[in-house]
Amino acid sequence: IKVATGGRERLYNLASGINVAHGQLTKRLSEHTGCAIEFAPDAPTTRFPVINIDRMRTEFGFEPASVLDDLPGLVDSYRRRFGGLD
């Protein structure tokens, strides 16, 4: 709402500003669900540049959350709403 009503710029990146690898995400997901997650042995590695969130920080004091830190809560929320992930 702050961006829509008070933003000075036309575009803003809304992200954490910290890249998370699939391996990090799936490891944490597996720890909290007990699910086994596998990647194809010949899967390519793709790297992306870090998303610049300076506008959000400067104009709105935005401090992003970490998806890795928030994942246990997201898993619990999913379980409460839809049942298990097993």
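Treat the numbers as computed from the prediction; the structure is a model and nothing was measured.

Describing the pattern of salt bridges
Link 1 in the chain: Inspection of the entire model under this criterion finds five salt bridges.
Link 2 in the chain: Between Glu 59 and Arg 8 there is a salt bridge, and its shortest N-O distance comes to 3.8 Å. Of this pair, Glu 59 sits in helix H3 (residues 54-60) while Arg 8 is found in the loop between helix H1 (2-6) and helix H2 (22-33), placing the two residues 51 residues apart along the sequence.
Link 3 in the chain: A relative accessible area of 66% means that Arg 8 is categorised as exposed.
Link 4 in the chain: Where Glu 63 meets Arg 57, a salt bridge forms, and the shortest distance between an N and an O atom there is 3.2 Å.
Link 5 in the chain: If you follow the salt bridges from partner to partner, you end up with Lys 27, Arg 28 and Glu 31 in one network.

Details of the environment of Arg 80
Link 1 in the chain: On the secondary structure map, Arg 80 appears in helix H4 (residues 67-82).
Link 2 in the chain: Each C-alpha atom of the pair Arg 80 and Met 56 lies 32 Å from the other, and the pair is 24 residues apart in sequence.

Remarks on the confidence of the model for the chain
Link 1 in the chain: Considering every residue of the chain, the mean pLDDT works out to 91; 98% of them sit at 70 or more.
Link 2 in the chain: Within the chain, H3 carries the highest mean pLDDT (95), whereas H1 carries the lowest (91).

Points about H4
An α-helical turn contains 3.6 residues, so a residue and the one three or four places further along point in the same direction.
Link 1 in the chain: Maximal helix bending in H4 amounts to about 25°, located at Gly 73.
Link 2 in the chain: Among all positions of H4, only Leu 68, Leu 71 and Val 75 are buried.
Link 3 in the chain: Buried residues in H4 make contact with H2.
Link 4 in the chain: Looking one or two places after H4, you find Gly 83, whose phi comes out positive at around 105°.

Some remarks on a nonpolar patch on the surface
Link 1 in the chain: A contiguous nonpolar surface patch, about 290 Å² in accessible area, is contributed by Val 20, Leu 25, Val 67 and Leu 74.
Link 2 in the chain: As for its placement among the helices and strands, Leu 25 is situated in helix H2.

With respect to the packing of aromatic side chains
Link 1 in the chain: Across all of its chains, the model carries two aromatic pairs by this definition.
Link 2 in the chain: Geometrically, the ring pair formed by Tyr 78 and Phe 82 is tilted, given 4.9 Å between the ring centres and 45° between the ring planes. Separated by four residues within a single helix, Tyr 78 and Phe 82 lie in helix H4, roughly one turn from each other.
Link 3 in the chain: Overall, the relative accessible area of 38% leaves Tyr 78 in the partly exposed class.

Cut-offs applied
Just so you know, the residues in each chain are numbered from 1, in the order the chain's sequence is written. Only residues with pLDDT of at least 70 get local features here, since the model is predicted, and only at 80 or more are side-chain atom pairs given and counted; chain-wide, interface and lining totals rely on the full set of residues. Note that water and hydrogens are dropped before the side-chain values are worked out from all heavy atoms of the structure. Salt bridges are counted wherever a side-chain nitrogen of Lys or Arg sits within 4 Å of a carboxyl oxygen of Asp or Glu. Helix and strand labels come from DSSP, where a helix needs a run of H or I of at least four residues and a strand needs a run of E of at least two; each type is numbered from the N terminus. Note on exposure labels: buried denotes an accessible area under 20% of the residue type's maximum, exposed denotes more than 50%, and partly exposed covers the range between, all computed with a 1.4 Å probe on protein chains only. Per residue, pLDDT captures the predictor's confidence, and it can take any value from 0 to 100. In this scheme, the bend at a residue equals the angle between the axes fitted to the seven residues that finish there and the seven that begin there. It only takes one pair of heavy atoms within 4.5 Å for two residues to be counted as in contact. Note that patches include only residues with greater than 30% relative accessible area and no salt bridge, and the join distances are 9 Å for like charges and 5 Å for nonpolar side chains (Val, Leu, Ile, Met, Phe, Trp, Tyr). Here the accessible surface of atoms and residues is derived via Shrake-Rupley with a 1.4 Å probe, and residues count as covered only by protein chains that are part of the display. The pairing test for Phe, Tyr and Trp rings, Trp by its six-membered ring, is centres within 6.5 Å, and the orientation test on the planes gives stacked under 30 degrees, edge-to-face over 60, and tilted for anything in between.

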